Amino acid sequence: MHGKHILLGITGGIAAYKLTFLIRLLKKCGAEVKCIMTPAAKDFISPLVVSTLSENPVGIEFWNKDDGTWANHVEYGLWADLFVIAPLTVNTLSKMSTGNCDNLLLATYLSMKTSTLVVPAMDLDMYAHQTTKRNLAQLKADGVIIVPAEEGELASGLTGEGRMAEPETIFSEIEKIIGNSKADFFEQNILITAGPTHELLDPVRFIGNYSSGKMGYAIAEELIERGANVTLISGPTNLTIKYNRLRKIDVNSAEEMFDAVKSVWHDSTIGIFSAAVADYRPKNRGTEKIKKKSDELTIELIKNPDILKWAGANKGKNQTLIGFALETQNMKENASVKLNAKNLNMIVMNSLKDKGAGFGHETNKISILDNRNNYKAFKLKSKRAVAKDILNYLKTYIG
Ligand code: C5P
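Our subject in this report is the structure included herewith.

Reading the values: the criteria
Residues numbered from 1 in each chain as written. Predicted model: local features only at pLDDT ≥ 70, side-chain atom pairs only at ≥ 80, totals over all residues. Heavy atoms only, no water. Near = heavy atom within 4 Å. Polar contact = N/O pair within 3.5 Å; in protein donor to acceptor, adjacent residues only side chain to side chain. Nonpolar A, V, L, I, M, F, W, Y, C, P; charged D, E, K, R; others polar. Axes fitted to C-alpha atoms, helices over the stretch in contact; angles between N-to-C directions. Helix = DSSP H or I, 4+ residues; strand = E, 2+ residues; numbered from the N terminus. Parallel < 35°, antiparallel > 145°, perpendicular 65-115°, else oblique. Left-handed = near helix turned anticlockwise from the far one by under 90°. Contact = heavy atoms within 4.5 Å. Patch = residues over 30% accessible without salt bridge, like charges linked within 9 Å, V, L, I, M, F, W, Y side chains within 5 Å. Areas by Shrake-Rupley, 256 points an atom, 1.4 Å probe, with all protein chains shown as cover. Salt bridge = Lys/Arg side-chain N within 4 Å of Asp/Glu carboxyl O. Buried < 20%, exposed > 50% of the residue type's maximum accessible area, 1.4 Å probe, protein only. Pairing = 2+ DSSP bridges. Core = buried A, V, L, I, M, F, W, Y, C linked by side-chain atoms within 4.5 Å.

### Structural notes on the site of the ligand
- Taken together, Phe 273, Ala 275, Val 277, Asp 279, Pro 305, Asp 306, Ile 307, Leu 308, Gly 323, Phe 324, Lys 338 and Lys 342 make up the full set of residues adjacent to the ligand.
- For the ligand, an oxygen atom lies 2.5 Å from a polar atom in the backbone of Phe 273.
- One nitrogen or oxygen atom from the side chain of Lys 342 is found 2.8 Å from an oxygen atom belonging to the ligand.
- Of the residues assigned to the shell around the ligand, the class counts are 7 nonpolar, 1 polar and 4 charged.

So, in structure tokens, the structure goes:
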């Protein structure tokens, strides 16, 4: 459940108060929760309670009348890993089954990119009514997942079918749908470096490289989902991470990256250094733009700090360090030398010679060598799948 985005839609039924328990269960397991309420739901549960427990503003109206901003249902649809509507009243059920869109919750339902789960709650005659049955059947046919109402005492004083499923039942249904990845890096502090570095020549030019940062970002997302506390030290990229539960330090140059790593490494149990750090930087960094003069221009370069080597030299007993190697020849031999020289536990190799692997691609083809002399080669896969392979290998390594 860690790092998952659960969007809760609350409609106007007595059972709405039970949502406080569901929000707490979800938050306790590390999920991020945002809530949308129908205007009628405000009569049953206070938006203040909902926003305090979910630690997010609550969406109710299309427009925020105070500051004139638009509550963007499309954004909600993109953000959510799962939309859960509980309690689902007869009114909202009938509107969902016909495509009515007269409030923010319904507009969001129509904008959902992932699954919607509904938990009906109503009086027994309403639940038994053929229109309710017809509308629920329609939602089912539309792909909505339904957690059926349970038997029991109802707010009307009647006893029968119509009671909303208990928060624990809803929680385990949510877990079944989205909680497929295990939190096997729970609460581990993990440092990741990613992207290129830019070494300034003058105020408008730099020496850089083609690293996109995609591999490091994919590892960061995968780790957040597996429960880790991730600090991502990133050189300049165009990428974003879809989770808020991330500490991100943006840097430009190798020296800035080194400073950031020095401040974080001692608090980390694992370091994954995927950044393509420039080996050299211009010796003199002009404060003015270099002028076009003679036919030749010589730029003197000096060596950058080897950040990974520093981390290896300052590695504690309980720290695990992973480096990356991009080689064009004698890959395994060169990687093995690097593994030892930098005091690494594992090195991930990728070759520029493999089609679809390395800089900028959506895919990568890696092999891993560790300091216990184990070696494993993997097939060409998406960078996200490669991130899984690296982390599964790491998990087996650390035990
Ligand atoms: O020695 P080489 O640069 O090939 O090693 C690559 C590995 O070292 C990568 O994991 C990279 O992130 C890291 N590195 C570093 N600081 C440098 C150069 C490389 O952390 N200055």
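Continuing now.
### Side note on the packing of helix α9 (residues 214–225) against helix α13 (residues 383–398)
- At a minimum axis separation of 8 Å, α9 and α13 run at an interaxial angle of 60°. With respect to α13, the axis of α9 lies oblique. Crossing hand, α9 versus α13: right-handed. Along its contact with α9, which presents Lys 214, Met 215, Ala 218, Ile 219, Glu 221, Glu 222, Leu 223 and Glu 225, the element α13 presents Lys 383, Arg 384, Val 386, Ala 387, Lys 388, Ile 390 and Leu 391.
- Partitioning the contact of α9 with α13 into residue classes produces 8 nonpolar, no polar and 7 charged.

### Some points on a nonpolar patch on the surface
- Nonpolar side chains collect at one region of the surface, where Ile 14, Tyr 17, Phe 21 and Phe 44 lie side by side and expose about 420 Å² of accessible area between them.
- Ile 14 gets classed as exposed once you look at its relative accessible area, which sits at 52%.

### Details of the sheet that holds strand β8 (residues 145–146)
- Spatial ordering of the open sheet is given by β3-β2-β1-β6-β7-β8, a layout of 6 strands whose pairing is parallel. The outermost strands of the open sheet, each flanked by one partner alone, are β3 (58–59) and β8.
- Bridge analysis of strand β6 (residues 82–88) against strand β7 (residues 116–120) gives 4 bridges, and the strand direction is parallel. Its bridge partner lying in β7, Leu 88 is registered against Pro 120.
- The sheet strands contacting helix α1 (residues 19–28) are β1 (5–10), β2 (32–37) and β6, and the helix crosses β1 at an angle near 175°.

### Concerning the nonpolar core
- Among the nonpolar cores identified, the biggest contains 32 residues, and Ile 192, Ile 219, Leu 223, Ile 272 and Ile 390 are the most heavily contacted of them.
- When near neighbours in sequence (up to four residues on either side) are disregarded, Ile 390 contacts Met 215, Ile 219, Phe 324, Met 346, Val 348, Ile 366 and Ile 368.
- Grouped together as the second largest cluster of nonpolar side chains are 31 residues, Ile 6, Leu 26, Cys 35 and Ile 178 included.

### Focus on unusual backbone geometry
- A cis amide bond links Ala 86 with the next residue in sequence, Pro 87, at an omega value of -10°.
- Structurally, the position occupied by Pro 87 is in strand β6.
- Located in the positive-phi region is Glu 55, a residue other than glycine, with phi close to 60°.
- Position of Glu 55 among the secondary structure elements: in the loop between α2 (47–54) and β3.
- You will see that Asn 373, though not glycine, has its phi angle at about 70°, which is positive.
- Take Asn 373: it is sitting in the loop between β22 (366–370) and β23 (375–377).

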